[in-house]
Amino acid sequence: MSQISVAQVDLKGLREKPDTNIVAKPQAPVANLQEVSVPIPKLDLEINYWKHWTKFGVNMNQASFSENWNAGGVNSISIGLLGWHKSEYNKNNFQYVTELDLRYGKIRNKDQLAKKNNDRIFWDHKIAHKLSKSWALYFSVTFESQFDVGYKYGRDQETNDEIITDTVSAFMAPGYFTESFGLEYKPDNTFSLRLGTGTARQTLLLDNRIAQPEGGSEVYGVEPGLRFRNDLAFQITANLDRNLSKNLNLKARYNLFADYKEISDPDHRLDATLTAKVTNLVNVSLSGIMVYNSAEADKVQYSQALALGLTYALPR
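Participant: Can you break down the overall build of the protein residue by residue, with the values?
Facilitator: The secondary structure content of the protein amounts to 1 helix and 14 strands. The buried share of the protein, taken over its 316 residues, is 30%. Long-range contacts, defined here as pairs at least 24 residues apart, represent 52% of the contacts in the protein between residues at least 6 apart. Carbon and sulfur atoms provide 57% of the accessible area of the protein, an area that totals close to 22000 Å².

Participant: Account for the sheet that holds strand S12 (residues 267-277), naming residues and giving values.
Facilitator: The sheet built from 12 strands closes into a barrel, its strands ordered S1-S2-S3-S4-S5-S8-S9-S10-S11-S12-S13-S14 with antiparallel pairing. Averaged over all pairs of adjacent strands, the angle between strand axes in this sheet comes to 20 degrees, irrespective of strand direction. Two elements, strand S1 (residues 50-63) and strand S14 (residues 301-314), share 7 bridges in a ladder whose sense is antiparallel. Its bridge partner lying in S14, Lys55 is registered against Ala313.

Participant: Can you lay out a positive patch on the surface for me, pointing to particular residues and giving the numbers?
Facilitator: Taken together, the side chains of Lys55, Lys246, Lys277 and Arg316 present a region of like positive charge at the surface. Here Lys55 lies in strand S1. We classify Lys55 as partly exposed; its relative accessible area is 38%.

Participant: Now, about the pattern of salt bridges: what can you tell me, with residues and values included?
Facilitator: The tally for this structure, following the rule as stated, stands at 13 salt bridges. Where Asp119 meets Lys116, a salt bridge forms, and the shortest distance between an N and an O atom there is 2.8 Å. When its relative accessible area of 25% is taken as the criterion, Lys116 is described as partly exposed. Ionic pairing is found between Arg201 and Asp267, a salt bridge with its closest N-O pair at 3.0 Å. Placement of Arg201 in strand S9 (residues 191-204) and of Asp267 in strand S12 is noted, with a sequence separation of 66 residues between them. With respect to burial, Arg201 and Asp267 carry one shared label: buried. Within the structure, one salt-bridge network assembled from shared partners comprises Glu99, Asp241 and Lys251.

Participant: Describe a nonpolar patch on the surface, with residues and values.
Facilitator: Together, Phe56, Met60, Ile79, Leu81, Leu281, Leu310, Tyr312 and Leu314 make up an exposed nonpolar region whose accessible area comes to about 710 Å². Looking at the nonpolar patch element by element, the count peaks at 3 residues for S14. Examined against the element boundaries, Tyr312 turns out to sit in strand S14.

Participant: Residue-level account of the side chain of Thr98, with values.
Facilitator: Along the chain, Thr98 falls in strand S3 (residues 94-109). Polar side-chain contacts of Thr98 include one of 3.1 Å to the side chain of Trp123. Apart from residues lying up to four places away in sequence, Thr98 is in contact with His85, Lys86, Ser87, Trp123, Asp124 and His125.

Participant: Give a detailed account of the pairing of S12, specifying residues and quantitative values.
Facilitator: Regular strands place side chains that alternate from one sheet face to the opposite one. Direction of pairing for strand S11 (residues 248-259) relative to S12: antiparallel, over a ladder of 10 bridges. Paired with Asn255 across the bridge in S12 is Arg269. Relative to strand S13 (residues 282-292), S12 is paired through 10 bridges, and the arrangement is antiparallel. For Ala272, the partnering residue across the bridge sits in S13 and is Gly288. Between S12 and S13, which pair antiparallel one after the other, the connecting turn spans 4 residues.

Participant: Which residues make up unusual backbone geometry, and what values go with them?
Facilitator: Of note, the bond from Ala173 into Pro174 is cis; its omega dihedral lies within 30 degrees of zero at 5 degrees. Tracing the backbone through its elements, the reader meets Pro174 in the loop between strand S7 (162-169) and strand S8 (175-188). In the segment running from Leu314 into Pro315, the intervening peptide bond is cis, with an omega of 0 degrees. Even without a glycine there, the phi angle at Met172 is positive, about 60 degrees. Looking at where Met172 falls in the secondary structure, it is placed in the loop between S7 and S8.

The rules behind the values
Residues numbered from 1 in each chain as written. Predicted model: local features only at pLDDT ≥ 70, side-chain atom pairs only at ≥ 80, totals over all residues. Heavy atoms only, no water. Helix = DSSP H or I, 4+ residues; strand = E, 2+ residues; numbered from the N terminus. Buried < 20%, exposed > 50% of the residue type's maximum accessible area, 1.4 Å probe, protein only. Contact = heavy atoms within 4.5 Å. Areas by Shrake-Rupley, 256 points an atom, 1.4 Å probe, with all protein chains shown as cover. Pairing = 2+ DSSP bridges. Axes fitted to C-alpha atoms, helices over the stretch in contact; angles between N-to-C directions. Patch = residues over 30% accessible without salt bridge, like charges linked within 9 Å, V, L, I, M, F, W, Y side chains within 5 Å. Salt bridge = Lys/Arg side-chain N within 4 Å of Asp/Glu carboxyl O. Lys, Arg positive; Asp, Glu negative; His and termini not counted. Charge placed at Lys NZ, Arg CZ, Asp CG, Glu CD. Polar contact = N/O pair within 3.5 Å; in protein donor to acceptor, adjacent residues only side chain to side chain.

Set out below in structure tokens:
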């Protein structure tokens, strides 16, 4: 009888009792999930579509000379006040902008009457709807006038003292309202160009010292005996407000107004101010104005001023 070298296995028992030969797989623990309510704080967040900028300040100039000063000179002092505000609303393709510019200044030279050297009220409103990134349809309303009375001066023949000889302007004499509709080109936030194909301007003379009675002469384009004139025109308005460097800013506004009845003789006005920032409050500014309006004068009118000033701006 031959011997079997391989251990015999009770296969029948293995089939009958499988649990005694199989290692049990460990069971994963069952997670006990519970619904938890997490409170969310109410933040009351709102989108602000408005932006606001404000500047106000004072400019001063002063010069004095001793009685034996041989180089020549006149003692003088001048002071100027300024206020500027701009608000802008932007939502989707709609934009509204309002800008207010107020300036008033006086100068007094020795042995002369005090004279104003700056006087301006300017208030512009604009509504625009964007057609593309750089072009928009716009409608604007602008008001322009001055605070104080403007005079002409002469000399008394007997005393040689300076005297007032005539009154040439006053508040709302003239006063201008301009309504304009057209296209605006604005490639960035520092420059804009308005092309007002449909523009109307009303000129008002509401001071009896300025308005001329019937039989007098035309003043600021208003016929004698009248206080009002309306013009329909084509208008170009360019605005520039750009930082040339960290502490140097150039702000300019050019306006062309071409009456359709006298389109070959348009009115021009250019206002420009170059401001150098010395500190957060102190600045030096060079400003100039050029005006051509044949209804006021046959030649170009201009003024220039260099001033050291204190200006406070918001936001800081």
